Amino acid sequence: TLNSGVINDLWRDLYREALQDINVLFPLAEQRELKGYIGVAKLIQAYIYVNLVDVFGDVPYSEAMQGNFLSNPKLDSGQSIYDAMFIIIDEAIVSLNSTGSILPNDLFYGGDAEKWTKFARTLKFKMYAQMRLIGDFSSEINTLISQGLIEDTSEDFQFQYSTTASTTGDSR
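Chemist: Please provide a residue-by-residue account of helix α4 (residues 113-130), values included.
Modeler: Given a rise of 1.5 Å per residue, 18 residues ought to cover 26 Å, and the 26 Å separating the end C-alpha atoms of α4 matches this to within 8%. If you check which residues of α4 are buried, you get Ala 113, Trp 116, Thr 117, Lys 118, Phe 119, Ala 120, Arg 121, Thr 122, Leu 123, Lys 124, Met 127 and Tyr 128. Lining the buried residues of α4 we find α2 (35-56), α3 (78-96) and α5 (138-147). Two to three positions downstream of the cap, the backbone nitrogen of Glu 114 sits 3.0 Å from a side-chain oxygen, assigning the N-cap of α4 to Asp 112.

This is the structure:
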């Protein structure tokens, strides 16, 4: 059941764990020119923020992830976060499709940059669908459809657990 503890856990896990891990990964991946990792991290970052907006509305973004330096960040409007995520998704697509972009140990799409790109377009499609009451985005939606979206469960954005059991019994 959904209760305040579950919501607090979700908020904490996304901000303090997942988004923080992504912030740690960015400079390391940039230093090593791991464009595939940068692209994937940006897509996961966008996915998280889009879902935070869809669940909570206005959430911290521009002042988020400052740790103890700014423990009470301001709330950004959902629309401003969506606008920022459209840019981040486009940057992710460029990173994923750049020369030498490899994705070893990819437990979502097995290193398939085209599947990641379809996920990116599908996420943008979802965002435009969410914004349908504030404008006409039929041109953008039709462009995304023509470029290709996730159409089959084999392309779902889903973590693929290992099929090999470990000595501890945990195959994740």
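Chemist: Lay out the packing of aromatic side chains in plain terms, naming residues and giving numbers.
Modeler: This model, assessed by the stated rule, comprises 14 aromatic pairs. Consider the rings of Tyr 47 and Phe 119, whose centres lie 5.8 Å apart with planes at 55°: the pair is tilted. Here Phe 119 lies in helix α4 and Tyr 47 lies in helix α2, a separation of 72 residues in the sequence. Assessed through its relative accessible area of 32%, Tyr 47 is described here as partly exposed.

Chemist: Explain the packing of helix α1 (residues 4-31) against α2 residue by residue, including any values.
Modeler: At a minimum axis separation of 10 Å, α1 and α2 run at an interaxial angle of 155°. The angle between the axes of α1 and α2 places the two elements in the roughly antiparallel class. Considering only the axes of α1 and α2, their crossing is left-handed. For the contact of α1 with α2, the residue count by class is 19 nonpolar, 2 polar and 2 charged.

Chemist: Lay out the side chain of Asp 106 in plain terms, naming residues and giving numbers.
Modeler: Along the polypeptide, Asp 106 turns up in the loop between α3 and α4. One buried charged residue, Asp 106, remains without a salt bridge, the closest side chain of opposite sign being Lys 115 at 9.1 Å. Of the polar contacts made by the side chain of Asp 106, one reaches the backbone nitrogen of Gly 111; its length is 2.8 Å. Setting aside residues up to four positions removed in sequence, Asp 106 forms contacts with Gly 111, Asp 112 and Trp 116.

Chemist: How would you sum up the side chain of Lys 124? Please name residues and give values.
Modeler: Among the structural elements, Lys 124 can be located in helix α4. Residue Lys 124 is classed as buried on the basis of its relative accessible area of 12%. The contacts of Lys 124, once residues within four sequence positions are left out, are Phe 86, Ile 89, Asp 90 and Leu 144.

Chemist: Summarise the nonpolar core; cite the residues concerned and give the values.
Modeler: Formed by 41 residues in total, the largest nonpolar core has its most connected members in Leu 43, Tyr 49, Leu 52, Met 85, Ile 89, Trp 116 and Met 127. For this core, the secondary-structure elements that each account for two or more residues are α1, α2, α3, α4 and α5. The residues contacting Tyr 49, other than those within four sequence positions of it, are Tyr 15, Leu 19, Pro 60, Tyr 61, Ala 64, Met 65, Ile 81 and Met 85.

Chemist: So what's going on with unusual backbone geometry? Residues and values would help.
Modeler: The bulk of non-glycine residues show a negative phi, and the bulk of peptide bonds are trans. Positive phi values are uncommon outside glycine, yet Glu 33 reaches one of about 55°. Here Glu 33 falls in the exposed class, since its relative accessible area comes to 64%. Here the phi dihedral of Asn 105 falls at roughly 60°; this positive angle occurs in a residue that is not glycine. Topologically, Asn 105 is positioned in the loop between α3 and α4. According to the relative accessible area criterion, Asn 105 is exposed, its value standing at 71%.

Chemist: Give me the confidence of the model for the chain: which residues, what numbers.
Modeler: The pLDDT averaged across the chain works out to 89; a share of 92% of its residues lies at or above 70. Here α1 stands out as the element of the chain with the lowest mean pLDDT, 89, in contrast to α3, whose mean of 97 is the highest.

Thresholds applied
Residues numbered from 1 in each chain as written. Predicted model: local features only at pLDDT ≥ 70, side-chain atom pairs only at ≥ 80, totals over all residues. Heavy atoms only, no water. Helix = DSSP H or I, 4+ residues; strand = E, 2+ residues; numbered from the N terminus. Expected span 1.5 Å × (residues − 1). Buried < 20%, exposed > 50% of the residue type's maximum accessible area, 1.4 Å probe, protein only. Contact = heavy atoms within 4.5 Å. Polar contact = N/O pair within 3.5 Å; in protein donor to acceptor, adjacent residues only side chain to side chain. Phe/Tyr/Trp six-rings, centres within 6.5 Å; stacked < 30°, edge-to-face > 60°. Axes fitted to C-alpha atoms, helices over the stretch in contact; angles between N-to-C directions. Parallel < 35°, antiparallel > 145°, perpendicular 65-115°, else oblique. Left-handed = near helix turned anticlockwise from the far one by under 90°. Nonpolar A, V, L, I, M, F, W, Y, C, P; charged D, E, K, R; others polar. Lys, Arg positive; Asp, Glu negative; His and termini not counted. Salt bridge = Lys/Arg side-chain N within 4 Å of Asp/Glu carboxyl O. Core = buried A, V, L, I, M, F, W, Y, C linked by side-chain atoms within 4.5 Å. pLDDT = per-residue confidence, 0-100.

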